[in-house]
Amino acid sequence: MESFWKRAKGLAEEAAKTSQSLTTSAKISDLVSETAKRSRELAAEASKRADLIKTAALKQADQIKSFSSDIIVNPPTLSSLSITSSFPSSSSSSTGEVSQSDLLKFGINEDLTDFVKGLTSTTFQSFTIQDEAEGSDSETSTTASNIRKDLTEWQEKHANLVLTSVKQMSRLRYELCPRIMKERRFWKIYFTLVSSYVAP
């Protein structure tokens, strides 16, 4: 682009020198038209170069985009986990949704859902509970859905259903475990809090 500006500057200087030596109006008008013509040519050439640069930039952007999409691996979502695998196939619809009867069977009703939606990370962090002597999280196995295996079978199914049916609970668990508290403590607090709503 600098070469275009240099050429334009040189052309302007040449036009200035020539205009000083010319005395007749005919030669001046010829010079003006010639300068205008050359200016249009330079502008057209600069425009073509700009289009080429733009095209090259877009190609590079597309290459970077496709390269980055090949590298970035999306983390698994909760729906991709095998959360409903512990239920018989008759209890789930073909789309993987859990039936209303399963929700009620495991204590998930409107009252519990409303209560759980009101829970916050502060509720869990400020809850005082006497911890049993517990091993590290790595010592206690987890299921495919990452619910701790130290829960009873009923609690495990209830926890899976709560995580899939109440989005706030899933977000809360993600926010707290394992950065702020261990999974074992989280579920112990949860089942203590909801004990008056569920009776396994």
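Residues numbered from 1 in each chain as written. Predicted model: local features only at pLDDT ≥ 70, side-chain atom pairs only at ≥ 80, totals over all residues. Heavy atoms only, no water.

## Description of helix 6 (residues 153-165)
- Under the 1.5 Å per step criterion, the end-to-end length of helix 6 is 18 Å for 13 residues, consistent within 8% with the ideal 18 Å.
- Taken across its 13 residues, helix 6 has ten buried, putting it largely inside the fold.
- Residues of helix 6 that are buried include every one of Trp 154, Gln 155, Glu 156, Lys 157, His 158, Ala 159, Asn 160, Leu 161, Val 162 and Leu 163, and no others. (Helix = DSSP H or I, 4+ residues; strand = E, 2+ residues; numbered from the N terminus. Expected span 1.5 Å × (residues − 1). Buried < 20%, exposed > 50% of the residue type's maximum accessible area, 1.4 Å probe, protein only.)

## Thoughts on helix 8 (residues 183-193)
- With eight of eleven residues buried, helix 8 lies mostly within the body of the structure.
- Among the residues making up helix 8, those that are buried are Glu 183, Arg 185, Phe 186, Trp 187, Ile 189, Tyr 190, Phe 191 and Leu 193.
- Close packing links the buried residues of helix 8 with helix 4 (110-117), helix 5 (121-126), helix 6 and helix 7 (167-176). (Contact = heavy atoms within 4.5 Å.)

## Some words on the environment of Thr 122
- Examined against the element boundaries, Thr 122 turns out to sit in helix 5.
- Taking C-alpha positions, Thr 122 is 9.9 Å from Leu 176, a pair spaced 54 residues apart along the chain.

## Looking at the pattern of salt bridges
- In this structure the tally under the stated criterion is three salt bridges.
- Notably, a salt bridge pairs Glu 41 with Arg 38, separated by 3.9 Å at the nearest N-O pair. Of the two residues, Glu 41 and Arg 38 both sit in helix 2 (residues 25-71), three residues apart, roughly one turn of that helix.
- Look at Glu 41 and you get partly exposed, because its relative accessible area is 40%.
- Of the residues examined, Arg 38 reaches a relative accessible area of 35% and is grouped as partly exposed.
- Notably, a salt bridge pairs Glu 153 with Lys 157, separated by 3.1 Å at the nearest N-O pair. One end of the pair is Glu 153 and the other is Lys 157, both in helix 6 and four residues apart, which spans about a single turn.
- Using a relative accessible area of 14% as the deciding quantity, one classes Lys 157 as buried. (Salt bridge = Lys/Arg side-chain N within 4 Å of Asp/Glu carboxyl O.)

## Re the packing of helix 6 against helix 7
- In the contact formed by helix 6 and helix 7, the axes pass within 5 Å of each other and the chain directions differ by 105°. Here helix 6 is positioned roughly perpendicular relative to helix 7, judged by the angle of their axes. Contacts between helix 6 and helix 7 involve Val 162, Leu 163 and Ser 165 from the former and Lys 167, Met 169, Ser 170 and Arg 173 from the latter.
- Per-class residue counts for the contact of helix 6 with helix 7 are three nonpolar, two polar and two charged. (Axes fitted to C-alpha atoms, helices over the stretch in contact; angles between N-to-C directions. Parallel < 35°, antiparallel > 145°, perpendicular 65-115°, else oblique. Nonpolar A, V, L, I, M, F, W, Y, C, P; charged D, E, K, R; others polar.)

In short, geometric facts, not functional conclusions.
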